[in-house]
Amino acid sequence: LERRAVSVFAGGNCSFAVLEDGSVYAWGLDNWGQLGVNASPRDPKADQWIYPPRRVLSDFGGDKIRKIASTIQHTIFLTERGSLFACGCGHYGRLGIRDAGDQVSTPRAIEIPRTGRLVKRFVDIAVGELHSLACTKDGKLFSWGVGDNMQLGNGEDKEEKVPTEVVSGRLNGLKERGILPKKVIAVAAGSEHSALIAVPIKSTKPTTKSIVDLTGTSTMELDQAIAAPIQVQASAVTMVGSRKRKAQTDLRISGKYTNATQSQDSQQTRLREPKCSTTNRQLSDYKGGKLLTVGLNEYGVLGL
């Protein structure tokens, strides 16, 4: 690379670097256009690996890239002004672009949801194997793609072609049960599950205890999908964040084997306590934030 890189991202079999001039370079597997470096779909008989790095063919609407989330077959880009772009495999609605077709070889803008005359501004993104997540500046959660294991968080197992707001009592509030509405501040995704941190809107003080809210399907311990979140006391919940700078709030889930321990009565690996992997920072509850998980509970990834 001719210029200095200021940030790097990796996921699936892809790697990305954002340079100081705002340009984005990518390398790795590009069999579905997930690198965004080709003007047209690749010849299936040609070499599918890109190396050395090539420039991603998009100016992202004249904006700079804040975050890149990539998985096996698709990539989502988040710009500094809160816009979303996507490229890669267009199957099952994972790109959030209604007319994506089989694949999108260069990043295309995802239509931004509107509320009246206001345009939603996104602040965080995450991708699973076949689904994608994003949260907005005003704390709304959006999901799209495959939902067959309830990983979209909407209580249904159907597919969503475009970003759709997640409506849930745990997020929007249940006055009759004394549940305050919450603002989503960080999202993460594993292969077939999702996780997020939500802060009660009326919260005024940091707390020392955390609550885990669980929704979804367990192929090992549950007989049916849970349509409404379950609240479970957790003895060791970890969330990444900085009390000094909200911009540093982060949450990372590495997939089905996140911080797993071996069960004595099973040969399968399960998560016994809700934890967050791939970080070495000291963690605590962030201003009363709640850690919520949703989706397939295989290997105990939901912390259930």
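The coordinates are above.
Residues numbered from 1 in each chain as written. Predicted model: local features only at pLDDT ≥ 70, side-chain atom pairs only at ≥ 80, totals over all residues. Heavy atoms only, no water.

Re the environment of Asn-297
Inference 1: In this structure, Asn-297 sits in the segment after strand S21 (290-296).
Inference 2: Polar contacts involving the side chain of Asn-297 include one to the main-chain amide nitrogen of Leu-302, which spans 2.9 Å. (Helix = DSSP H or I, 4+ residues; strand = E, 2+ residues; numbered from the N terminus. Polar contact = N/O pair within 3.5 Å; in protein donor to acceptor, adjacent residues only side chain to side chain.)

Structural notes on a positive patch on the surface
Inference 1: On the surface, Arg-66, Arg-121, Lys-137 and Lys-183 cluster together to form a positively charged patch.
Inference 2: Along the chain, Arg-66 falls in strand S5 (residues 65-70).
Inference 3: Judged by relative accessible area, Arg-66 falls into the partly exposed class, the value being 38%. (Patch = residues over 30% accessible without salt bridge, like charges linked within 9 Å, V, L, I, M, F, W, Y side chains within 5 Å. Areas by Shrake-Rupley, 256 points an atom, 1.4 Å probe, with all protein chains shown as cover. Salt bridge = Lys/Arg side-chain N within 4 Å of Asp/Glu carboxyl O. Lys, Arg positive; Asp, Glu negative; His and termini not counted. Charge placed at Lys NZ, Arg CZ, Asp CG, Glu CD. Buried < 20%, exposed > 50% of the residue type's maximum accessible area, 1.4 Å probe, protein only.)

So, the pairing of S5
Inference 1: In the sheet, S5 pairs with strand S6 (residues 74-79) via five bridges, with the strands oriented antiparallel. Looking across to S6, one finds that Ala-69 is bridged to Ile-76. (Pairing = 2+ DSSP bridges.)

With respect to the packing of aromatic side chains
Inference 1: Taken as a whole and assessed by the stated rule, the structure comprises four aromatic pairs.
Inference 2: A ring pair is formed by Phe-16 and Phe-77, whose centres lie 5.8 Å apart and whose planes are at 90 degrees; its orientation type is edge-to-face. Within this pair, whereas Phe-16 is found in strand S2 (residues 14-19), its partner Phe-77 is found in strand S6, the two being separated by 61 residues in sequence. The same class applies to Phe-16 as to Phe-77, namely buried.
Inference 3: Their ring planes at 90 degrees and their centres at 5.3 Å tell us that Phe-60 and Phe-85 sit as a pair that is edge-to-face. Placement of the pair is Phe-60 in the loop between strand S4 (49-55) and S5 and Phe-85 in strand S7 (residues 84-89), with a sequence separation of 25 residues.
Inference 4: Put simply, the rings of Phe-16, Phe-60, Phe-77 and Phe-85 pair up and form one aromatic cluster. (Phe/Tyr/Trp six-rings, centres within 6.5 Å; stacked < 30°, edge-to-face > 60°.)

Overview of the environment of Lys-183
Inference 1: Checked against the element boundaries, Lys-183 lands in strand S15 (residues 182-189).
Inference 2: Owing to a relative accessible area of 32%, Lys-183 belongs among the partly exposed residues under this scheme.
Inference 3: Non-local contacts of Lys-183, meaning those with residues more than four positions away in its chain, are made with Lys-137, Asp-138, Gly-139, Ile-197, Ala-198, Val-199 and Ile-201.
Inference 4: Side-chain polar atoms of Lys-183 contact the backbone oxygen of Lys-137, separated by 3.4 Å. (Contact = heavy atoms within 4.5 Å.)

Re the pattern of salt bridges
Inference 1: If you walk through the whole model with that rule in mind, you get seven salt bridges.
Inference 2: Asp-63 is the partner of Arg-81 in a salt bridge, and the nearest nitrogen-oxygen pair spans 3.8 Å. You can see Arg-81 sitting in the loop between S6 and S7 and its partner Asp-63 sitting in the loop between S4 and S5, a full 18 residues away along the chain.
Inference 3: Between Asp-124 and Lys-67 there is a salt bridge; the shortest N-O distance is 2.7 Å.

Section: the sheet that holds S2
Inference 1: Judged by pairing direction, the sheet is antiparallel, and its four strands sit side by side in the order S1-S2-S3-S4 without closing on themselves. In the strand order of this sheet, the two ends are held by strand S1 (5-11) and S4, each with one partner. Taken over all neighbouring pairs, the strand axes of this sheet differ in orientation by 10 degrees on average, direction set aside.
Inference 2: Alignment of S1 against S2, held across six bridges, turns out to be antiparallel. (Axes fitted to C-alpha atoms, helices over the stretch in contact; angles between N-to-C directions.)

Quick look at the sheet that holds S6
Inference 1: Taking strand neighbours across the sheet as the criterion, the four strands line up as S5-S6-S7-S8 in an open arrangement whose pairing is antiparallel. Each of the sheet's edge strands pairs with one partner strand only, and the pair in question is S5 and strand S8 (103-109). Sheet twist, expressed as the average angle between the axes of neighbouring strands with direction ignored, equals 10 degrees.

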